[in-house]
Amino acid sequence: MNTSLTDTLTDSGSSPAAGKTVLITGGTSGIGAATARLLLGRGHRVAVTGRDPGRLKAFLDEVGHADRVLGLVADASDWDATNTAVAGTVERFGSLDAAIANAGGASADHFGTGGADVMDGGGDPQLWAPMVLANVLGPALLAKATLPHLERSRGRLVLVGSVAGTKNSPGNLYSATKWAVVGLAENLRLHATARGIGVTVVNPGLIDTAFWHGQVPPIAMSPDSVAEAIGFALGQPAGVDLNTVTIRPVGQPV
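The paragraphs below set out a description of the structure included in this document. (Residues numbered from 1 in each chain as written. Predicted model: local features only at pLDDT ≥ 70, side-chain atom pairs only at ≥ 80, totals over all residues. Heavy atoms only, no water.)

What follows covers the packing of helix H3 (residues 79-93) against helix H4 (residues 128-153). One way to put it is that H3 packs onto H4 with a least axis distance of 9 Å and a crossing angle of 30°. One element, H3, and the other, H4, form an angle in the roughly parallel class. H4 is crossed by H3, and the crossing has right-handed handedness. Together, Trp 79, Thr 82, Asn 83, Val 86 and Val 90 of H3 and Leu 141, Leu 142, Lys 144, Ala 145, Thr 146 and His 149 of H4 make up the contact between the two elements. Broken down by class, the residue content of the contact of H3 with H4 amounts to six nonpolar, four polar and one charged. (Axes fitted to C-alpha atoms, helices over the stretch in contact; angles between N-to-C directions. Helix = DSSP H or I, 4+ residues; strand = E, 2+ residues; numbered from the N terminus. Parallel < 35°, antiparallel > 145°, perpendicular 65-115°, else oblique. Left-handed = near helix turned anticlockwise from the far one by under 90°. Contact = heavy atoms within 4.5 Å. Nonpolar A, V, L, I, M, F, W, Y, C, P; charged D, E, K, R; others polar.)

Let us now look at the packing of H4 against helix H5 (residues 173-192). Direction vectors running N to C along H4 and H5 enclose 10°, while the axes themselves pass 9 Å from each other. Considering the angle they form, H4 stands roughly parallel to H5. Across the interface between the two elements, Trp 128, Met 131, Val 132, Asn 135, Val 136, Pro 139, Ala 140, Ala 143 and Leu 147 of H4 pack against Leu 173, Tyr 174, Thr 177, Lys 178, Ala 180, Val 181, Leu 184, Leu 188, His 191 and Ala 192 of H5. Taken together, the residues of the contact of H4 with H5 sort by class into 15 nonpolar, three polar and one charged.

This part takes up unusual backbone geometry. A positive phi angle is found at His 65, which is not glycine, with a value near 50°. Position of His 65 among the secondary structure elements: in the loop between helix H2 (53-63) and strand E4 (69-73). Here His 65 falls in the partly exposed class, since its relative accessible area comes to 35%. The phi angle at Arg 154 is positive, at roughly 50°, despite the residue not being glycine. Structurally, Arg 154 can be placed in the loop between H4 and strand E6 (156-160). In this structure Arg 154 comes out as exposed when scored by relative accessible area, which is 62%. (Buried < 20%, exposed > 50% of the residue type's maximum accessible area, 1.4 Å probe, protein only.)

Structure representation (structure tokens):
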């Protein structure tokens, strides 16, 4: 399913040449929302996707900039929805300069048993498939849908990975999905660099998001810090490909 919330938007007639057009999956909360706010504040045009129409509309109402923001109801793990969201972004703004594969999730995903802690408890296999589809298939689908447009604009694809995708966590399937994202980023870079497209994977450490279910570690970063790292990647000069950004809070040893 994919629906444009155009009733929340107005057209100011601003020139498409001003700023960049950026599509962010999972853009209504956490890192995605922080990045959307940052880019809108810098004068870019931003399309965000989300699965919940109510949350998406609330986010659009909150951020303002109605002439430069587009909301699209879409499941990042669904090909038709992703492809339609990309097409809708290009139709609305005329081009696509960057895409950010941010949508994803985590379950209580350990292979062990026992414990109620989000990182130590036993996993529920019934919850694994949606996580794997969102975290691994989602970025691949976004790449497939956006690469032709990014080749035309000589743009950039950003994948949001995790430090958990560079440091193994025992028996943790979420970590395995983020290892897949890190591998996918290099796989895509090898393909895209000959086409003039930059590819960046941003690997955050501990972040204050809903991932922790209210048990946020005391040293966790704000999502705004990760948004700044993504903005830095998007701001690289022509001909420069920044491939990997790892960002941790001071005090996180692993």
